[in-house]
Amino acid sequence: MSWRKLPDHRVRNRLSRQKLARRLAGFVCAATLFTVGCSRPVELPPFVEIEHEISPQPARVGPVTVTLKLADATGKALTGAHIAVEADMSHPGMNPLFAEAKEAEPGRYQAHLEFQMAGDWVILIHVTLPDGKKLERQIDVRGVQPGVQSGRSTWRST
Ligand SMILES: [Cu+2]
């Protein structure tokens with residue numbers, strides 16, 4: 001009785017082997033993809049701590065000062081960096097503003113911009129370190145207030 005079942009068992013066994021092989025192939029494929037993904041190393045940006053401050057606070061239409069403090073992984077002031085600052089509004093149709101942040105004291109850089117419109121702004125910081133490495137940061141400046149008019153009344157848009 002049991003010998004009759006044997007061929008059937010063999011067939012099943014072969015099928016499951018095929019399944020296993022297919023699964024293995026899938027695994028190998030995934031592993032290959034993973035390896036390929038890993039073998040293209042994206043150079044990690046150097047560790048730089050960037051602190052930012054925008055004044056006046058809250059930000060309003062008119063001149064603003066962006067202060068950036070750069071430090072390395074050990075907390076040491078990072079000097080000699082070249083920092084380009086770009087400011088855009090979150091809605092399309094406006095020209096971006098550009099400024100260069102100058103090193104006011106070791107590791108402390110300042111850029112001057114002028115917000116022309118109330119609303120949400122995005123400040124992009126393009127840093128080039130003395131060794132040529134580049135990194136970028138984004139600062140969201142939401143809800144820039146309308147500017148002070150003639151030093152007395154503040155215009156509110158809502
Ligand atoms: Cu605008």
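Only a predicted model underlies this, so the values are computations on that prediction, with no experimental measurement involved.

Basis of the calculations
Residues numbered from 1 in each chain as written. Predicted model: local features only at pLDDT ≥ 70, side-chain atom pairs only at ≥ 80, totals over all residues. Helix = DSSP H or I, 4+ residues; strand = E, 2+ residues; numbered from the N terminus. Buried ≥ 20, exposed ≤ 12 C-beta atoms within 10 Å, placed from the backbone. Contact = placed C-beta atoms within 7 Å. pLDDT = per-residue confidence, 0-100. Pairing = 2+ DSSP bridges. Axes fitted to C-alpha atoms, helices over the stretch in contact; angles between N-to-C directions.

## Looking at the overall build of the protein chain
Then, number 1: Along the protein chain, the regular secondary structure elements total one helix and nine strands.
Then, number 2: In the protein chain, the succession of helices and strands from N to C terminus is α-β-β-β-β-β-β-β-β-β.
Then, number 3: Here the protein chain, with 158 residues, has 15% of them falling under the buried criterion.
Then, number 4: Counted over contacts in the protein chain with a minimum sequence separation of 6, partners at least 24 positions apart contribute 59%.

## Description of the confidence of the model for the protein chain
Then, number 1: With 65% of its residues at a pLDDT of 70 or more, the protein chain shows a mean pLDDT of 80.
Then, number 2: Low confidence marks residues 31-39, where pLDDT is under 50. Its contacts with residues over four positions away, or in another chain, come to zero contacts.
Then, number 3: Overall, residues 150-154 carries pLDDT values under 50, and its contacts beyond four positions in sequence, including any with other chains, amount to two contacts.

## Focus on the pairing of strand S7 (residues 134-144)
Then, number 1: Both strand S6 (residues 119-128) and S7 contribute to a ladder of nine bridges, which runs antiparallel. Bridge pairing in S7 places Val 122 opposite Asp 140.
Then, number 2: Between S6 and S7, which pair antiparallel one after the other, the connecting turn spans five residues, and Gly 132 there sits at a positive phi close to 95°.

## Remarks on the sheet that holds S6
What holds strands together in a sheet is hydrogen bonding between their backbones, with the strands either parallel or antiparallel.
Then, number 1: An order of S1-S2-S5-S4-S3-S6-S7 is seen for the seven strands of this open sheet, with the pairing classed as antiparallel. Every other strand in the sheet has two partners, leaving strand S1 (49-55) and S7 as the edge strands with one partner each. Each adjacent strand pair in this sheet contributes to an overall mean axis angle of 25°, direction not counted.

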